[in-house]
2 protein chains.
Amino acid sequence: MMKSSLWLATILCVSIFSTAVADDPLVSWQDTMAKKSIIDFVEKVTQVDSPNFVPVPERIAVFDNDGTLWPENPLPFQLAWVMDELKRRSPDEPQLAADPMVKAALAGDIAKLLEGKHHDGLMQIVAITHSGMTTDEFDAAVREWLAVAKHPRFGRLYSDCTYQPMQEVLTYLRVNGFKTFIVSGGGADFMRVWSEQVYGIPPEQVVGSTGLTKFELRDTGPVLIKTTEHIFVDDKAGKPVGIHQFIGRRPIACFGNSDGDKEMLEYTTINNPHPSLGLIVHHTDTDREYAYDAHPTSSGKLVEALVDASQRGWTVVDMQRDWKIVFAETP
Amino acid sequence: MMKSSLWLATILCVSIFSTAVADDPLVSWQDTMAKKSIIDFVEKVTQVDSPNFVPVPERIAVFDNDGTLWPENPLPFQLAWVMDELKRRSPDEPQLAADPMVKAALAGDIAKLLEGKHHDGLMQIVAITHSGMTTDEFDAAVREWLAVAKHPRFGRLYSDCTYQPMQEVLTYLRVNGFKTFIVSGGGADFMRVWSEQVYGIPPEQVVGSTGLTKFELRDTGPVLIKTTEHIFVDDKAGKPVGIHQFIGRRPIACFGNSDGDKEMLEYTTINNPHPSLGLIVHHTDTDREYAYDAHPTSSGKLVEALVDASQRGWTVVDMQRDWKIVFAETP
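Remember, it's a predicted structure, so these values are computed and weren't measured experimentally.

As a further point, take the overall build of chain A. Within chain A, the secondary structure is distributed over 15 helices and nine strands. The C-alpha atoms of chain A give 21 Å as radius of gyration, which agrees with the globular expectation for 331 residues (20 Å, within 12%). Overall, chain A is about 65 × 55 × 40 Å in size when its C-alpha atoms are taken along their principal axes. Classification of the 331 residues of chain A by burial places 46% in the buried group. When contacts within chain A are restricted to residue pairs at least 6 apart in sequence, those whose partners lie at least 24 apart make up 65%.

Written out as structure tokens, the structure is:
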């Protein structure tokens, strides 16, 4: 016991001190108001002798993923995986290949998938790729894809397309005693495969959309089979619901980029007994990433939350103006 | 930033070192096989140079609550709260007081509440006390009760009725890099009110039965209203399902006391690529606590899991034989 405890203590201390002595925790940020609002907030809640001090266990920070920590264009990455997964499985599964919506997906007919109020085609190909297998089988399929698939524009592995300025925010908050959570409309099972490696966020701190699994004890051991029962969509008003269900306390910092994050920004910042920070990443950078907000065809529509931002005191990050770099130079 | 990081590092180091130098981490345990199995397991998975070493992030330990960390007799404590809550509310709420099942509860007619395959009466009074209010209102009601309500036999606050030997296991595991979770059939919202204070387990590490909440932005601020939609029962086969949904990885240590814990013991210990520990608290102690297992009227029936224990290699704790004390002498 002694030995491992000493080892643990050493790791903890070394990692804390070495990060704490860095001069600028947000080196990829321009010295503009956005950066200042983050640093001012963290300094305010961590000053022990201040009335704004927030005890460590209550330093909960929540981050949307798609469009906040990594891109969501030309497709959300999970959807890129769905497309590739259908390509991978179709040759061996004639019944799957014969499905009209799978055909549409393989033909790149996104418009057909998005038809109908509930985007039935899209929902169907998501269901096909996210249910009927064990959680281990699903994990393996995602893991194998992530090791080789590359973003069509940036030519990097998807996991190397995270926003460097936001990685710095994650680290900066954790160094200051925050627990960082993903709260995303994406599938929890999809994100948990790589969240620890990509963001340093362990699976138990990933809140996302979920369906129930079914437990079976097989001859080979216990398995959980993914189903489409009790689907919980962790988006819009579902985000504060997911935060309560999975985390069980109110965050004091919330980072998003679209109207899907509006309710969790409200939940975090309005009448919170603690000081709070709400931040929106505004995609304004065609050259280095993408520029979008009100465009009806893009994922990540940002209209209402942008209007509310000034009234609510939310920081709006202008990606082009406020970030020195978007991605790390060396992946 | 520096200041708070130093402070954090100091706290972490002091708490780790001071606990690590204690001679015996499980002083309330007799020196029997049960204690040895816990210590052997922890030493095995924490030895850096051993093939059985488990990296810190994968040291996940799950604990049932009722009957494992504190008693579940004469009633599970949450049900004691339900009864007291109905008493508290009835005088001001004539409609509630007129409900036949509320009447049965107030008259102590437990048999009536348990009638029917699904214990409809019981479900009804649970629904009445667990939905229709905001999460803040629910929290406050539980918190106020917990501050004054006492266990009918032990004469202590319910929160002072935790098993001291299990508190030592929680601490011992955490000192050795484990993350400790509650995985209980009890309501997550009920347990999260006091889990941090009572067990040092923060709300985000409490997995329990849940219903969805509904988000509303009111003039006074955002609220979440408790509903009975999408009820998830975190018991039996629901426990591994809950573990996957909330934690997202397989535990290596699992502590339970009833057949309701059988599936999570299986999920933890059968064909786990890491070494694992399964442990069952067997209630054998009429004098100091309670003795029950197959009794049909008691909560916490233990029959099947007890039969499976030897085949599965699960440790069975005989409370009377293996624990020096059950409760801390001074609450």
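Here we come to the packing of helix α13 (residues 262–269) of chain B against helix α14 (residues 304–312) of chain B. Residues and elements named next belong to chain B. Between α13 and α14, the least distance of the axes is 10 Å, while the angle of their chain directions is 15°. Comparing the axis directions of α13 and α14 gives the class roughly parallel. With respect to the hand of their crossing, α13 and α14 are arranged in left-handed fashion. On α14, the residues touching Lys-262, Leu-265 and Thr-269 of α13 are Glu-304, Ala-305, Asp-308 and Arg-312. Its residues assigned to classes, the contact of α13 with α14 comprises two nonpolar, one polar and four charged.

All names here are of chain A. Pairing between strand β4 (residues 213–218) and strand β5 (residues 221–226): six bridges, direction antiparallel. Of the residues in β5, the one forming a bridge with Phe-215 is Leu-224. Count of turn residues in the β4/β5 antiparallel hairpin: two residues.

Another aspect to go through is the environment of Pro-251 of chain B. All names here are of chain B. Position of Pro-251 relative to the elements: it lies in the loop between α12 (238–246) and β6 (253–256). The spacing of Pro-251 and Lys-179 is 72 residues in sequence and 9.6 Å in space, taken between C-alpha atoms. Beyond its immediate chain neighbours, meaning those up to four positions away, Pro-251 contacts Ile-60, Ala-61, Val-62, Ile-243 and Thr-268.

Its twelve residues give helix α9 (residues 164–175) of chain A an end-to-end C-alpha distance of 17 Å, which sits within 8% of 16 Å, the value for a rise of 1.5 Å per residue. Listing the buried residues of α9 of chain A in full gives Pro-165, Met-166, Val-169, Leu-170, Leu-173 and Val-175 of chain A.

Once that is clear, we can look at the confidence of the model for chain A. All names here are of chain A. For chain A, mean pLDDT is 93; residues scoring 70 or higher make up 92% of the total. By mean pLDDT, helix α1 (residues 2–20) is the weakest element of chain A at 46, and strand β6 (residues 253–256) is the strongest at 99. Scored below 50 in pLDDT, residues 1–21 makes 38 contacts in the model with residues more than four places away or belonging to other chains. Note on the complex model: pTM 0.92, ipTM 0.92.

Residues and elements named next belong to chain A. Structurally, chain A comprises domain 1 (24–73 + 160–322) and domain 2 (77–148). Taking the mean C-alpha position of each, domain 1 and domain 2 sit 26 Å from one another. The interface is formed by 15 residues belonging to domain 1 together with 15 residues belonging to domain 2. For the side of domain 1 that touches domain 2, the elements supplying multiple residues, two or more each, are β2 (179–187), α10 (188–192) and β5. Counting residues per element, the side of domain 1 that touches domain 2 draws most heavily on β5, at four residues. Of the residues assigned to the side of domain 1 that touches domain 2, the class counts are seven nonpolar, six polar and two charged.

Side-chain positions along a regular strand alternate between the two faces of the sheet. All names here are of chain B. Among the nine residues of strand β2 (residues 179–187), nine are classified as buried, and the element is accordingly described as predominantly covered. In this sheet, β2 lies alongside strand β1 (residues 60–63) in parallel orientation, the contact comprising four bridges. Each residue of the ladder has a partner; that of Ala-61, found in β2, is Thr-180. Note that β2 and strand β3 (residues 206–209) share three bridges and pair parallel. For Ile-182, the partnering residue across the bridge sits in β3 and is Val-206.

So, on to unusual backbone geometry. The phi angle of most residues is negative, glycine excepted, and most peptide bonds adopt the trans form. Residue and element names in this part refer to chain A. Note the cis peptide between Asn-73 and Pro-74, where omega equals 0°. Located in the positive-phi region is His-119, a residue other than glycine, with phi close to 50°. Position of His-119 relative to the elements: it lies in the loop between α6 (110–113) and α7 (120–130). Non-glycine residue Lys-236 carries a positive phi angle of around 55°.

Let us now look at the packing of helix α3 (residues 77–89) of chain A against α7 of chain A. All names here are of chain A. For the pair α3 and α7, interaxial distance at closest approach is 10 Å and the crossing angle is 65°. If you check the angle between α3 and α7, you find them roughly perpendicular. In this structure, the crossing between α3 and α7 has a hand that is left-handed. Together, Val-82, Glu-85 and Leu-86 of α3 and Ile-125, Val-126 and Thr-129 of α7 make up the contact between the two elements.

Most of α13 of chain B sits out of view: eight of its eight residues are buried. Just beyond α13 of chain B, the residue with positive phi is Asn-271 of chain B, at close to 55°.

All names here are of chain A. When you line up the elements, Asn-257 lands in the loop between β6 and α13 (262–269). Under the C-beta neighbour-count criterion, Asn-257 is labelled buried, with 26 such atoms within 10 Å. In sequence terms Asn-257 and Phe-138 are 119 residues apart; their C-alpha atoms lie 28 Å from each other. Not counting residues within four places of it along the chain, the set of residues in contact with Asn-257 comprises Asp-64, Gly-67, Thr-68, Ile-280, Val-281, His-283, Gly-300 and Leu-302.

All names here are of chain B. Of note, Met-83 is situated in helix α3 (residues 77–89). For Met-83, a count of 17 C-beta atoms within 10 Å translates into the label partly exposed. Remark: the alpha-carbon pair of Met-83 and Pro-251, spanning 168 residues in sequence, is separated by 34 Å.

About the criteria used
- Residues numbered from 1 in each chain as written.
- Chains lettered and ligands numbered in written order.
- Predicted model: local features only at pLDDT ≥ 70, side-chain atom pairs only at ≥ 80, totals over all residues.
- Helix = DSSP H or I, 4+ residues; strand = E, 2+ residues; numbered from the N terminus.
- Rg over C-alpha atoms; globule rule 2.2 N^0.38 Å.
- Buried ≥ 20, exposed ≤ 12 C-beta atoms within 10 Å, placed from the backbone.
- Contact = placed C-beta atoms within 7 Å.
- Axes fitted to C-alpha atoms, helices over the stretch in contact; angles between N-to-C directions.
- Parallel < 35°, antiparallel > 145°, perpendicular 65-115°, else oblique.
- Left-handed = near helix turned anticlockwise from the far one by under 90°.
- Nonpolar A, V, L, I, M, F, W, Y, C, P; charged D, E, K, R; others polar.
- Pairing = 2+ DSSP bridges.
- Expected span 1.5 Å × (residues − 1).
- pLDDT = per-residue confidence, 0-100.
- Domains from an automatic or database assignment.

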